[in-house]
Amino acid sequence: MLLKHAVRTLCVGAGGQVAAAAAGACSLRRLCTDTVDLKKALSELIPAQRERLKALRKAHGKRVVGEVTVEQIVGGMRGLPVMGAGGGGAMLWETSLLDPEKGIRFRGLSIPELQAKLPTAVEGGQPLPEGLLWLLLTGQVPTKPQVAAVTEELRHRAHVPPHVLRLLNAMTHDTHPMTQLSVGVMALQTGSHFAAAYRRGARKDLHWESVYEDSMDLVAKLPRLAAMIYRHSYKGGEHIQPSMSLDWAGNLAHMMGYEDPGCLEMMRMYQTIHSDHEGGNVSAHTTHLVGSALSDPYLSYAAGMNGLAGPLHGLANQEVLRWLKDLTAKLGPRPDKEAVRKYVQDTLASGKVVPGYGHAVLRKTDPRYICQREFAQKYMPDYPLFKLVSDLYEVVPEVLGKTGKIKNPWPNVDAHSGVLLQYYGISEENFYTVLFGVSRALGVLSQGIWSRALGLPIERPKSITMAALEAACAPAEARPVAAAEGAAAEGGTEAIPMPASAAV
Ligand SMILES: CC(C)(COP(=O)(O)OP(=O)(O)OC[C@H]1O[C@@H](n2cnc3c(N)ncnc32)[C@H](O)[C@@H]1OP(=O)(O)O)[C@@H](O)C(=O)NCCC(=O)NCCS
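Remember, it's a predicted structure, so these values are computed and weren't measured experimentally.

A. Broad picture of the side chain of H285. Mapped onto the elements of the fold, H285 is located in helix α13 (residues 282–292). With a relative accessible area of 19%, H285 lands in the buried category. Apart from residues no more than four positions distant in its own chain, H285 is found in contact with M77, M91, G279, G280 and E459.

The structure is reproduced here in structure tokens:
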């Protein structure tokens, strides 16, 4: 009965819904009720989505949707194609989709659309990330009461047990904040509902419920944990209690020690735009992969955070600030553009990357950069560091473009975030990736709930050796020999059977 009702309501559609992502698809539609209970809202949506995936597999499970090239296998699985689906794709990820030209869409909505549609704390201000969480989980723009209910739910789940603080205190103050985040999340794992439910033998179709409990607990506790790490590392361990009247992101700024209303708005915007960037980036993919083994949300999110801590991924926001500080130390606070150009060229000549520029998927300026630039234009137009970052925007793409090898010379999210934080006095750049990580929880944990709701299997792509690839690409007459030699060279005992065509 519930299934029939949910299928009908999900496929009929009504006002306030997010447009269907795929033409003709029965994607997430209007809820049956105007409930403010997020878990109830989810439970109404899940049956129809399960049916949808089942139908897709049944009707098209054997359909060939693309070819894979050798370059894609050895080149970090970039752009595995799905014919007719725009930029391609190699895994299921429901909460957001990245268009190489237009940038990120959260359940179909762009960042300006989020800013226009999601409820705010301040009239005409930045979206509340709690509203984004509702959107990511249900596909629907929440009402104000629904967002208020999420804020309240998170407030009640926010307590961080004392053993976590004891563990942080046992680490030296100079332990990198991302290491502290990973350790802190692992310490919270003792409270996992999913791990306990699995031990008790919970049924597979109910896994999503305890994963929901863990995910909401973790999202709720992360601002407190992040603030504890911040105060432990930089403020002599003098911690600040949460405010019972502030929203989730505002409270994060407050517990770190920042009360400026502009800083609170910045934090709401920051936490909204860093949340999700489809499924293939290192932190999202890692969380997804580890979660597919039925590791609980604490284990899988901590794994994702260890990936976010890499300098080519989330740590780039820290690297950008270091690079800017080095630039201003050498050239002064407002160097002319020629001096800036030379500095960029020197960075490249020394064999380093220019942090904050380039992207594996995007081919235009990151809309998350533009959003932060617009925030700076409104709140800090005369701030020298903002002006320097603006100058870099005019210089760096041209220099990177001239190398001829960089596919996207435009700035990404990390090129701008540090400037906003510096302006409000959050000057410790080693902490920046933690703020990114708190936000990323909203996306990867939302998808984690859906992954369990849809019963997605353990992820296990087949790997291949160089010898087997060479064998597959060899002329037909040489192929069996090459395959045999390749297998022998790898210490294998049998040739890997390869398809007759060169496409593997
Ligand atoms: C994000 C990033 C890792 C994407 O890498 P990618 O998908 O391999 O990018 P490309 O295909 O354009 O790379 C082609 C070449 O250009 C180089 N390149 C890309 N971006 C570069 C940058 N910002 N500065 C210098 N070189 C860069 C790559 O290292 C690669 O060099 P190689 O052929 O010698 O190995 C890369 O652009 C980068 O390192 N950027 C700086 C770090 C950063 O800002 N990360 C945050 C991303 S949100």
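B. How the structure looks around the pattern of salt bridges. On inspection of all chains with the given rule, the structure shows 24 salt bridges. A salt bridge links K40 to E44; the shortest N-O distance between them is 3.2 Å. Of the two residues, K40 and E44 both sit in helix α2 (residues 38–60), 4 residues apart, roughly one turn of that helix. The exposure class assigned to E44 is buried, which follows from its relative accessible area of 7%. Its salt-bridge partner being D217, residue R157 comes within 2.8 Å of it at the nearest N-O pair. Highlighted residues: R157 in helix α6 (residues 144–157) and D217 in helix α10 (residues 207–234), separated in sequence by 60 residues. Salt bridges linked by common partners bring K39, E153, R157, E213 and D217 together as one network.

C. Representation of α6. With 14 residues, α6 extends 20 Å between its outermost C-alpha atoms, agreeing within 8% with the 20 Å of an ideal straight helix rising 1.5 Å per residue. Listed in full, the buried residues belonging to α6 are Q146, V147, V150, T151, L154 and R157. The arc that holds every buried residue of α6, seen down its axis, measures 145 degrees, which confines them to one face. Seen from the buried face of α6, the exposed residues on the opposite side, beyond 90 degrees, are K144 and H156.

D. The arrangement of the layout of surface pockets in detail. Approximately 320 Å³ is the volume attributed to the second largest pocket. R155, A158, H159, R224 and P242 are, among the 22 residues lining the second largest pocket, the residues nearest its centre. Residue assignment for the lining of the second largest pocket shows that the elements contributing at least two residues are α6, α7 (162–170), α10 and α11 (248–256). Ranked by residue count, the leading element in the lining of the second largest pocket is α10, at 4 residues.

E. Highlighting the site of the ligand. Taken together, 18 residues are adjacent to the ligand, and R78, G356, Y357, K405 and K407 come closest. In this structure, a nitrogen atom belonging to the ligand sits 2.9 Å away from a main-chain N or O atom of V354. Within the contact set of the ligand, an oxygen atom lies 2.8 Å away from a side-chain nitrogen or oxygen of K405. Relative to its unbound accessible area of 850 Å², the ligand is 74% covered by the protein chains. Here the shell around the ligand is built from residues that sort into 9 nonpolar, 5 polar and 4 charged.

F. Representation of empty space enclosed by the protein in the model. Tallied over the entire structure, the rule returns 4 cavities of 30 Å³ or more. For the largest cavity, the calculated volume is near 180 Å³. Looking at which element gives the most residues to the lining of the largest cavity, the answer is helix α20 (residues 432–453), with 6 residues. Residue composition of the lining of the largest cavity, grouped by class: 9 nonpolar, 9 polar and 2 charged.

G. Looking closely at the pairing of strand β1 (residues 96–99). Only one face of β1 is covered, namely the one carrying S96 and L98; the face carrying L97 and D99 has none of its residues buried. The pairing of β1 with strand β2 (residues 103–106) spans 4 bridges and is antiparallel. Within β2, the residue paired with S96 across the bridge is F106.

H. Region of the structure containing the UniProt feature "active site" (unreviewed entry) in the protein. UniProt annotation of "active site" (unreviewed entry) refers to H313, H359 and D414 when read in the numbering used here. Taken together, the annotated residues stretch across 102 residues yet fold into one region, lying no more than 10.8 Å apart by C-alpha. With respect to the helices and strands, H313 occurs in the loop between α14 (297–308) and α15 (316–331). Contact partners of H313, with chain neighbours within four places excluded, come to N281, V282, S283, G307, L308, D414 and R440.

I. Local environment of the packing of α14 against α20. Packing of α14 against α20 brings their axes to within 10 Å, and their N-to-C directions diverge by 135 degrees. In terms of axis orientation, α14 runs oblique to α20. Seen along the crossing, α14 lies across α20 with a hand that is right-handed. Side by side, α14 and α20 meet where P297, Y301, M305 and L308 of the first sit next to T433, F436, G437, V438, R440, A441, V444 and L445 of the second. Residues of the contact of α14 with α20, tallied by class, amount to 9 nonpolar, 2 polar and 1 charged.

J. Quick look at the nonpolar core. L181, M256, Y301 and L392 are the most contacted members of the largest nonpolar core, which totals 114 residues. If you tally residues by element for this core, the top one is α10, at 14 residues. Sequence-distant contacts of Y301, defined by excluding residues within four places in its chain, comprise L181, V185, L218, L222, T287, G437, V438, A441, V444 and L445.

K. Structural view of helix α18 (residues 384–403). For α18, with 20 residues, the first-to-last C-alpha span of 29 Å sits near the 28 Å given by 1.5 Å per residue. Y393 marks the point of greatest bend in α18, at about 30 degrees, and the proline P397 comes within the next four residues. Three or more residues of α18 are buried, namely L385, F386, L388, V389, S390, D391, L392, V395, V396, P397, V399 and L400. Looking at the buried positions of α18, the neighbouring elements they touch are α15, α16 (337–349), α17 (367–379) and α19 (414–423).

L. A look at the environment of I406. Of note, I406 is situated in the loop between α18 and α19. For the pair I406 and A360, spaced 46 residues apart in the sequence, the C-alpha separation amounts to 10.0 Å.

What counts and how
- Residues numbered from 1 in each chain as written.
- Predicted model: local features only at pLDDT ≥ 70, side-chain atom pairs only at ≥ 80, totals over all residues.
- Heavy atoms only, no water.
- Helix = DSSP H or I, 4+ residues; strand = E, 2+ residues; numbered from the N terminus.
- Buried < 20%, exposed > 50% of the residue type's maximum accessible area, 1.4 Å probe, protein only.
- Contact = heavy atoms within 4.5 Å.
- Salt bridge = Lys/Arg side-chain N within 4 Å of Asp/Glu carboxyl O.
- Expected span 1.5 Å × (residues − 1).
- Arc of directions from axis to C-beta.
- 1 Å grid on protein atoms, 1.4 Å probe; cavity = no way out; pocket = protein on both sides within 12 Å on 5 of 7 lines; lining within 4 Å.
- Points joined across faces, edges and corners; volume = space filled by probe spheres on them.
- Near = heavy atom within 4 Å.
- Polar contact = N/O pair within 3.5 Å; in protein donor to acceptor, adjacent residues only side chain to side chain.
- Areas by Shrake-Rupley, 256 points an atom, 1.4 Å probe, with all protein chains shown as cover.
- Nonpolar A, V, L, I, M, F, W, Y, C, P; charged D, E, K, R; others polar.
- Pairing = 2+ DSSP bridges.
- UniProt positions renumbered as here; feature names shortened; annotations may be inferred.
- Axes fitted to C-alpha atoms, helices over the stretch in contact; angles between N-to-C directions.
- Parallel < 35°, antiparallel > 145°, perpendicular 65-115°, else oblique.
- Left-handed = near helix turned anticlockwise from the far one by under 90°.
- Core = buried A, V, L, I, M, F, W, Y, C linked by side-chain atoms within 4.5 Å.
- Bend = angle between axes of the 7 residues up to and from the residue.

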